[in-house]
Amino acid sequence: MADFFEIIELSNGDIGLRKADDTSEEMIVRIKFSEEARENLKNNHIEVAHAMIEAGVNKVSELSGLEFEQESIVTEPETPSIIH
(Lines give C-alpha, C1' and ligand atoms only; values in the text may rest on other atoms or scores of the structure.)
Protein backbone atom coordinates (compact mmCIF):
# COMPACT_ATOMS: atom_id res chain seq x y z
CA MET A 1 0.00 0.00 0.00
CA ALA A 2 1.38 3.40 -1.00
CA ASP A 3 1.84 6.16 1.52
CA PHE A 4 -0.27 9.23 0.94
CA PHE A 5 0.99 12.68 1.83
CA GLU A 6 -0.76 15.98 2.34
CA ILE A 7 0.40 19.52 1.85
CA ILE A 8 -0.98 21.83 4.51
CA GLU A 9 -0.80 25.52 5.31
CA LEU A 10 0.19 25.93 8.93
CA SER A 11 -1.27 28.58 11.22
CA ASN A 12 1.95 30.64 10.92
CA GLY A 13 1.69 30.67 7.10
CA ASP A 14 4.39 28.06 6.47
CA ILE A 15 3.59 25.24 4.05
CA GLY A 16 4.20 21.70 5.33
CA LEU A 17 4.26 18.16 4.01
CA ARG A 18 3.26 15.23 6.22
CA LYS A 19 1.90 11.71 5.88
CA ALA A 20 -1.86 11.88 5.44
CA ASP A 21 -2.51 9.63 8.42
CA ASP A 22 -0.18 11.62 10.72
CA THR A 23 -2.01 14.23 12.78
CA SER A 24 1.06 15.30 14.73
CA GLU A 25 2.65 18.69 14.23
CA GLU A 26 5.80 17.02 12.86
CA MET A 27 6.34 17.92 9.19
CA ILE A 28 8.48 15.97 6.74
CA VAL A 29 9.19 19.24 4.93
CA ARG A 30 8.39 22.82 5.90
CA ILE A 31 8.62 25.78 3.48
CA LYS A 32 8.67 29.36 4.74
CA PHE A 33 8.36 32.27 2.35
CA SER A 34 9.49 35.74 3.36
CA GLU A 35 6.94 38.55 3.20
CA GLU A 36 8.80 39.96 0.19
CA ALA A 37 8.60 36.60 -1.60
CA ARG A 38 4.86 36.32 -0.84
CA GLU A 39 4.29 39.81 -2.25
CA ASN A 40 6.29 38.98 -5.39
CA LEU A 41 4.34 35.73 -5.81
CA LYS A 42 1.05 37.65 -5.53
CA ASN A 43 -0.46 35.06 -3.14
CA ASN A 44 0.55 32.12 -5.36
CA HIS A 45 2.93 30.81 -2.68
CA ILE A 46 0.87 27.66 -2.14
CA GLU A 47 1.16 26.68 -5.81
CA VAL A 48 4.91 27.39 -5.74
CA ALA A 49 5.34 25.33 -2.56
CA HIS A 50 3.35 22.48 -4.14
CA ALA A 51 5.68 22.51 -7.18
CA MET A 52 8.75 22.59 -4.92
CA ILE A 53 7.51 19.63 -2.88
CA GLU A 54 6.51 17.69 -5.99
CA ALA A 55 10.00 18.20 -7.47
CA GLY A 56 11.57 17.03 -4.22
CA VAL A 57 9.40 13.91 -4.02
CA ASN A 58 10.19 13.10 -7.66
CA LYS A 59 13.93 13.44 -6.99
CA VAL A 60 13.75 11.21 -3.91
CA SER A 61 11.83 8.63 -5.97
CA GLU A 62 14.42 8.83 -8.73
CA LEU A 63 17.33 8.42 -6.30
CA SER A 64 15.68 5.51 -4.52
CA GLY A 65 14.55 3.77 -7.71
CA LEU A 66 10.88 3.92 -6.74
CA GLU A 67 8.02 4.90 -9.00
CA PHE A 68 6.17 8.03 -7.89
CA GLU A 69 2.45 8.31 -8.42
CA GLN A 70 1.17 11.87 -8.73
CA GLU A 71 -2.03 11.00 -6.86
CA SER A 72 -0.10 10.13 -3.71
CA ILE A 73 0.11 13.80 -2.69
CA VAL A 74 -3.05 15.54 -1.59
CA THR A 75 -3.19 19.09 -0.39
CA GLU A 76 -4.99 20.06 2.75
CA PRO A 77 -4.55 22.92 5.24
CA GLU A 78 -4.05 22.38 8.95
CA THR A 79 -7.73 23.08 9.41
CA PRO A 80 -10.23 20.84 7.59
CA SER A 81 -10.74 23.05 4.49
CA ILE A 82 -8.85 22.07 1.31
CA ILE A 83 -6.15 24.26 -0.28
CA HIS A 84 -5.77 22.48 -3.61
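Higher on the page you've got the structure.
Peer 1: I'm lost on the overall build of the chain in this one. Help?
Peer 2: From N to C terminus, the chain includes 2 helices and 4 strands. The linear arrangement of helices and strands in the chain, starting from the amino end, is β-β-β-α-α-β. Restricting the contact set of the chain to residue pairs at least 6 apart, pairs at least 24 apart contribute 38%. With an accessible surface of roughly 5,900 Å², the chain has 53% of that area assigned to carbon and sulfur atoms.

Peer 1: Teacher, can you tell me more about the pattern of salt bridges here?
Peer 2: Any two side chains of opposite charge can pair, so long as their charged atoms come close to each other. Scanning the model with the defined rule gives 4 salt bridges in all. Note that glutamate 6 is salt-bridged to arginine 18, the shortest N-O span being 2.7 Å. Residue glutamate 6 is found in strand β1 (residues 5-9), and its partner arginine 18 is found in strand β2 (residues 15-19); the two are separated by 12 residues along the sequence. Of the two residues examined, glutamate 6 and arginine 18, each falls in the buried class. As a salt-bridge pair, aspartate 14 and lysine 32 come within 3.8 Å of each other at their nearest N and O atoms.

Peer 1: Please explain the nonpolar core as it appears in this structure.
Peer 2: It is characteristic of soluble globular proteins that their nonpolar side chains tend to be buried jointly. Among the nonpolar cores identified, the biggest contains 10 residues, and these are Phe5, Ile7, Ile15, Leu17, Ile31, Phe33, Ile46, Ala49, Ile53 and Val57. Residue assignment for this core shows that the elements contributing at least two residues are β1, β2 and α2 (45-64). Looking at this core element by element, the count peaks at 4 residues for α2.

About the cut-offs
Residues numbered from 1 in each chain as written. Predicted model: local features only at pLDDT ≥ 70, side-chain atom pairs only at ≥ 80, totals over all residues. Heavy atoms only, no water. Helix = DSSP H or I, 4+ residues; strand = E, 2+ residues; numbered from the N terminus. Contact = heavy atoms within 4.5 Å. Areas by Shrake-Rupley, 256 points an atom, 1.4 Å probe, with all protein chains shown as cover. Salt bridge = Lys/Arg side-chain N within 4 Å of Asp/Glu carboxyl O. Buried < 20%, exposed > 50% of the residue type's maximum accessible area, 1.4 Å probe, protein only. Core = buried A, V, L, I, M, F, W, Y, C linked by side-chain atoms within 4.5 Å.

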